[in-house]
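Fold and contact review
Okay, here's what each chain looks like letter by letter:
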2 protein chains.
Amino acid sequence: MTPNSPIRPDRIEADIYALAAITEPDRPYTRRAFTPLFLEGRRWLEKAMQDAGAVTQIDAAGNLIGTIPGQRPELGTILLGSHSDTVPDGGRFDGVAGVIAALEVARALRDQGAVLAHTLEIVDFLAEEVSIFGVSCIGSRGISGTQPREWLEREAAGITLEQGIVQVGGEPFKPAQRDDIKAFLELHIEQGPVLQNEQLDVGVVTAIAGITRIEIVVEGRADHAGTTPMGSRKDALTTAAWIALGVEELAKALASGEEHFAATVGEFEMLPNAANVVPARVRMLIDARAELRDDMDRFIDELAKGVAAISEKTGVGATEPRIISDNPPTPCDADVLDVLDAACESAGARHRRMASGAGHDTAWMARIAKAAMIFVPCKDGRSHSPDEFATVDDIALGTAVLLDAVKALDIKLQETI
Amino acid sequence: MTPNSPIRPDRIEADIYALAAITEPDRPYTRRAFTPLFLEGRRWLEKAMQDAGAVTQIDAAGNLIGTIPGQRPELGTILLGSHSDTVPDGGRFDGVAGVIAALEVARALRDQGAVLAHTLEIVDFLAEEVSIFGVSCIGSRGISGTQPREWLEREAAGITLEQGIVQVGGEPFKPAQRDDIKAFLELHIEQGPVLQNEQLDVGVVTAIAGITRIEIVVEGRADHAGTTPMGSRKDALTTAAWIALGVEELAKALASGEEHFAATVGEFEMLPNAANVVPARVRMLIDARAELRDDMDRFIDELAKGVAAISEKTGVGATEPRIISDNPPTPCDADVLDVLDAACESAGARHRRMASGAGHDTAWMARIAKAAMIFVPCKDGRSHSPDEFATVDDIALGTAVLLDAVKALDIKLQETI
């Protein structure tokens, strides 16, 4: 970070740890959306936004938004932010780092006496993590007009999602989609080891990988483990083992190029799971992530062929891979990526382009705005865990990049409009 | 079966189905040891034994025994039987076929006006299956003096095993070990597919395989499934998959000889088992069965080497295989095997020698008597399931073999004493 940067690491640090203190005391760090602790965190954030000179509101989708009007508000809005909710037993940085970075950009501009031409907004999206209602990115889907209406009927903890949004101050049946947002930027911890391993400061995110979840069920036969000769078995486990290894082999091949690809057998349940019975059934759930849709299509195709070949070889039945959910990759905006690269150079941040293997609010914002995000390094790639860690210096440097990019976009967006 | 055999299939059929009717009505066929239904089954059996001319008693170990005194009781006892308890959702034949066959031998002798020189006893062993107390073969371990004393303190359903034995009529703190039993024979369904596949009538059991249970824990790392590159993972599942396939390969090699060997990964638990997290931990429980102790020793040795090699190759840690329980194989008595082969020939039963992969009361009786058992075919090897099935004709033919063997042993045992 350049020595005369207006970004103040001390403020960033104080804010992150103030929010971290708002947690279930015996289960740090837990501040799940729709809980009283979440609302307590938001009251703290609301005040911080106001202290930064923003006018705050909860929008119809339940997002907390701080607005700093621009000199030419008719140009539209530049939106910065992330989310303040956590998973259970989560960390202090996932989401929070991006909300606080947005806040610090606003404070730095105010400290410099700078007012953008565009209106600047800071956002804390509602429920980015999978919430008690079993779905994620509720706020960014709302603001981008991509939230399925039927989600409002989902029930958890005795209330519907509709009631949950009302409780946080939203108006779930009012239109929430915005058309004035010209650009959206999000800072986030990487949640992976790449920046640390390559000793880089910032990842400029080219795309949010698509996520496809695929179920395979292997159907063997529950024979007596002692009396059934090895040659007379239909062992679901060993067939499932070949499939798990096939998934890994396919994923490694697809990941060998430049573009991000990963596949994981994350769920694996075996029945009857009794010491003296040959495994009868295994259900596997595969999580596959691809920067390129072509890679995902190839994976799905090769997987189906591989499973059929394994099943034929072992003589144990396996269902055709069934797609449970399928979200395509979202490329980030090419112009904004160029702005971010230049901002890295100007802030002195060692940077690379990379895809995000994880889902983010940015993927939904890209539907209605020029959107992109940057990653800052996190220790050993750990996330969704109390061990999650990022240094204040790294977050501050990322925030300086964000500030520079916002200033550049404020000009560039006027040119391109 | 020879046309003039005194064995009556109609009586065997009626008895098996009478006992099958004593079941939890909505969960056929369930008659677990220590339950009121088990005691109801035993009252039925007690009367059937008395009708066959036997004097009945519950011995100190809780076994139901019917005694038909011999002409020369000082020669000792020939004991026949099996068990009447079932697993939950079990079948009609496992255990029961052997108890009813023993009963039918006694009735056939009576019908022929024959009284053995030895005393003949029919036994229904207490709790051969894993009971609510978590252990098996309680009655045969009692009568053979091999029941660990501390088992009596085991608790389940609000009582101790000691109290359970008292409830069925036993006297758990009295010595139960017998020294007068000269021979023990058990008929049982095979619980495997070998006799059916080879179209044979009787298996003459050479040994009860040893059972060794081995635990392996694979310790990977719970990384984000989307953001962690394929090359940076420590995936516990794929390492466990290699181990499961290694177990199968080793077992197939050891099973390729004449002697029985089988190994199964029967339990497989993965953590955290979440779609978007790289598997962090897998616990596997291996059930290995060997007719020869040498084979088991080789398996344990090769397994340890294989696991270490896999762990080194994948870079994911795995514990050294840990032996959880280890019961050595029990050979059946060579003299009795010859008698059984001859009895098969004389009854016209197509027969082969084979080891039992499953545990049986015979394994414990072999500690105090010349013991052996015969198998009769069962459909598709199914057992411990309501689908378990054996034909009355097959059971009757096995019973005829048993009758012939008992008569032969009654003479042969006098010669060898």
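Residues numbered from 1 in each chain as written. Chains lettered and ligands numbered in written order. Predicted model: local features only at pLDDT ≥ 70, side-chain atom pairs only at ≥ 80, totals over all residues. Heavy atoms only, no water.

1. Let's talk about the overall build of chain A
From N to C terminus, chain A includes 11 helices and 16 strands. Since a compact globule built from 417 residues should have a radius of gyration of about 22 Å, the 23 Å found for chain A is in line with a globular shape. Principal-axis analysis of the C-alpha atoms gives chain A an extent of 80 × 45 × 40 Å. Residue burial in chain A is summarised as follows: out of 417 residues, 60% are buried. Long-range contacts, defined here as pairs at least 24 residues apart, represent 77% of the contacts in chain A between residues at least 6 apart. Of the roughly 15,600 Å² that chain A leaves accessible, carbon and sulfur atoms contribute 49%. Where the 40 positive side-chain charges of chain A centre and where its 64 negative ones centre are 2 Å apart. (Helix = DSSP H or I, 4+ residues; strand = E, 2+ residues; numbered from the N terminus. Rg over C-alpha atoms; globule rule 2.2 N^0.38 Å. Buried < 20%, exposed > 50% of the residue type's maximum accessible area, 1.4 Å probe, protein only. Contact = heavy atoms within 4.5 Å. Areas by Shrake-Rupley, 256 points an atom, 1.4 Å probe, with all protein chains shown as cover. Lys, Arg positive; Asp, Glu negative; His and termini not counted. Charge placed at Lys NZ, Arg CZ, Asp CG, Glu CD.)

2. Structural notes on the side chain of T146(B)
Residues and elements named next belong to chain B. Along the chain, T146 turns up in the loop between α4 (138–143) and β5 (155–156). Engagement of the side chain of T146 in a polar contact is seen with the side chain of S144, the distance being 2.9 Å. Every residue in contact with T146, bar those within four places of it in the chain, is listed here: R141, W364 and R367. (Polar contact = N/O pair within 3.5 Å; in protein donor to acceptor, adjacent residues only side chain to side chain.)

3. Describing the relation of the copies chain B and chain A
Superposing chain B onto chain A requires a rotation of 180° together with a translation of 0.0 Å along the rotation axis, leaving an RMSD of 0.1 Å. Here the copies are linked by what is in effect a two-fold axis. By C-alpha distance to the rotation axis, the residue of chain B lying nearest is A241(B), at 2.3 Å. Of all interface residues in chain B, 100% are interface residues in chain A too; the two copies therefore contact each other through one and the same surface. (Least-squares fit on C-alpha atoms with pLDDT ≥ 70 in both.)

4. Let's talk about the interface of chain B and chain A
Taken together, the contacts link 52 residues of chain B with 52 residues of chain A. Interface area for chain B against chain A, summed over the two sides, is near 4,200 Å², with a carbon-plus-sulfur share of 62%. The interface formed by chain B and chain A holds 0 salt bridges in total. Seen at the junction of chain B and chain A, the total is 14 residue pairs in polar contact (both at pLDDT 80 or more). Contributing elements (two or more residues each) for the side of chain B that touches chain A: α6 (194–197), α7 (236–254), β10 (261–271) and β11 (281–290) of chain B. (Buried area = accessible area lost by both parts, 1.4 Å probe. Salt bridge = Lys/Arg side-chain N within 4 Å of Asp/Glu carboxyl O.)

5. What about the packing of helix α1 (residues 9–20) of chain B against helix α2 (residues 36–51) of chain B?
The packing of two helices is summarised by the inter-axis angle and the distance between the axes. All names here are of chain B. At a minimum axis distance of 10 Å, the contact between α1 and α2 shows a crossing angle of 155°. Viewed along their axes, α1 and α2 adopt a mutual orientation that is roughly antiparallel. Here α1 and α2 pass one another in a crossing that is right-handed. For the pair α1 and α2, the contacting residues are D15, A18 and L19 in the first and G41, W44 and L45 in the second. (Axes fitted to C-alpha atoms, helices over the stretch in contact; angles between N-to-C directions. Parallel < 35°, antiparallel > 145°, perpendicular 65-115°, else oblique. Left-handed = near helix turned anticlockwise from the far one by under 90°.)

6. As for unusual backbone geometry
The omega torsion across P28(A) and Y29(A) is 0°, close enough to zero to call that bond cis. With respect to the helices, strands and loops of the structure, Y29(A) is situated in the loop between α1 (9–20) and α2 (36–51). Each neighbour pair has its own omega, and for L271(A) with P272(A) the value is -5°, a cis peptide bond. Turning to its location among the elements, P272(A) is positioned in the loop between β10 (261–271) and β11 (281–290). A positive phi angle, close to 50°, is found at A127(B), a residue other than glycine. Within the secondary structure, A127(B) is located in the loop between β4 (119–125) and α4.

7. What about the pattern of salt bridges?
All names here are of chain B. Applying the stated criterion across every chain yields a total of 64 salt bridges over all chains. Between D335 and K370 there is a salt bridge; the shortest N-O distance is 2.8 Å. Pair noted here: D335 is in helix α9 (residues 334–347) and K370 is in strand β16 (residues 370–376), with a separation of 35 residues, a long-range link. Residue classification places K370 among the partly exposed positions, given a relative accessible area of 23%.

8. Topic: the packing of aromatic side chains
Applying the stated criterion across every chain, the model contains 11 aromatic pairs over all chains. Aromatic side chains F34(A) and F133(A) sit 5.0 Å apart centroid to centroid with 90° between the ring planes, which places their arrangement in the edge-to-face category. Note that F34(A) is positioned in the loop between α1 and α2 and F133(A) in the loop between β4 (119–125) and α4 (138–143), a separation of 99 residues in sequence. Ring plane angle 80° and centroid distance 6.5 Å describe the contact between Y17(B) and F93(B), whose orientation is recorded as edge-to-face. Of this pair, Y17(B) sits in helix α1 while F93(B) is found in the loop between β3 (77–83) and α3 (96–111), placing the two residues 76 residues apart along the sequence. The exposure class assigned to Y17(B) is partly exposed, which follows from its relative accessible area of 32%. Judged by relative accessible area, which is 1%, F93(B) ranks as buried. Every member of this aromatic cluster is reached through a ring pair, and the members are Y17(A), F93(A) and F389(A). A cation over a ring is seen here: K313(A) above W242(A), with NZ or CZ 4.7 Å from the ring centre. (Phe/Tyr/Trp six-rings, centres within 6.5 Å; stacked < 30°, edge-to-face > 60°. Lys NZ or Arg CZ within 6 Å of the ring centre and 35° of its normal.)

9. Here we look at the domain arrangement of chain A
Residue and element names in this part refer to chain A. Partitioning chain A into structural domains gives domain 1 (9–208 + 329–415) and domain 2 (210–327). For domain 1 and domain 2, the distance between their C-alpha centroids amounts to 36 Å. Contacts between the two partners involve 8 residues from domain 1, matched on the other side by 9 residues from domain 2. Here domain 1 packs against domain 2, burying approximately 610 Å² in sum over the two surfaces, 56% of which is carbon and sulfur. Counting the contacts that link domain 1 with domain 2 gives 0 salt bridges. For the interface between domain 1 and domain 2, the tally reads 3 residue pairs in polar contact (both at pLDDT 80 or more). Sort the elements by how many residues they give to the side of domain 1 that touches domain 2 and strand β8 (residues 202–208) lands first, with 3 residues. (Domains from an automatic or database assignment.)

10. Some remarks on helix α9 (residues 334–347) of chain A
Residue and element names in this part refer to chain A. Relative to the 20 Å expected for 14 residues at 1.5 Å per residue, α9 spans 20 Å between its end C-alpha atoms, a close match to the ideal helical length. For α9, the complete set of buried residues consists of V336, L337, V339, L340, D341, A343, C344 and A347. Its side-chain oxygen 3.1 Å from the backbone nitrogen of D335, D333 forms the N-cap of α9. G348 occupies a position one or two residues after α9 and carries a positive phi of about 75°. (Expected span 1.5 Å × (residues − 1).)

11. Some remarks on the packing of α2(A) against helix α3 (residues 96–111) of chain A
Residues and elements named next belong to chain A. Between α2 and α3, whose axes approach to 9 Å, the crossing angle comes to 20°. Put simply, α2 runs roughly parallel to α3. Between α2 and α3 lies a crossing of left-handed hand. Of α3, the residues touching α2 (which contributes W44, L45, A48, M49 and D51) are V99, I100, L103 and R110. Of the residues contributing to the contact of α2 with α3, the split by class is 7 nonpolar, no polar and 2 charged. (Nonpolar A, V, L, I, M, F, W, Y, C, P; charged D, E, K, R; others polar.)

12. What about the environment of V339(B)?
All names here are of chain B. Residue position: V339 is located in helix α9. Overall, V339 belongs to the buried group, its relative accessible area being 7%. Sequence separation between V339 and D404 is 65 residues, and the spatial gap between their C-alpha atoms is 8.8 Å.

13. A few points about the state of the cysteines
Residue and element names in this part refer to chain B. Enumeration according to the criterion identifies 0 disulfides over all chains in this entry. No disulfide involves C344; its sulfur sits 13 Å from that of C332, the nearest cysteine. We classify C344 as buried; its relative accessible area is 0%. Free of any disulfide, C378 has its nearest cysteine sulfur in C344, 17 Å distant. (Disulfide = S-S within 2.5 Å.)

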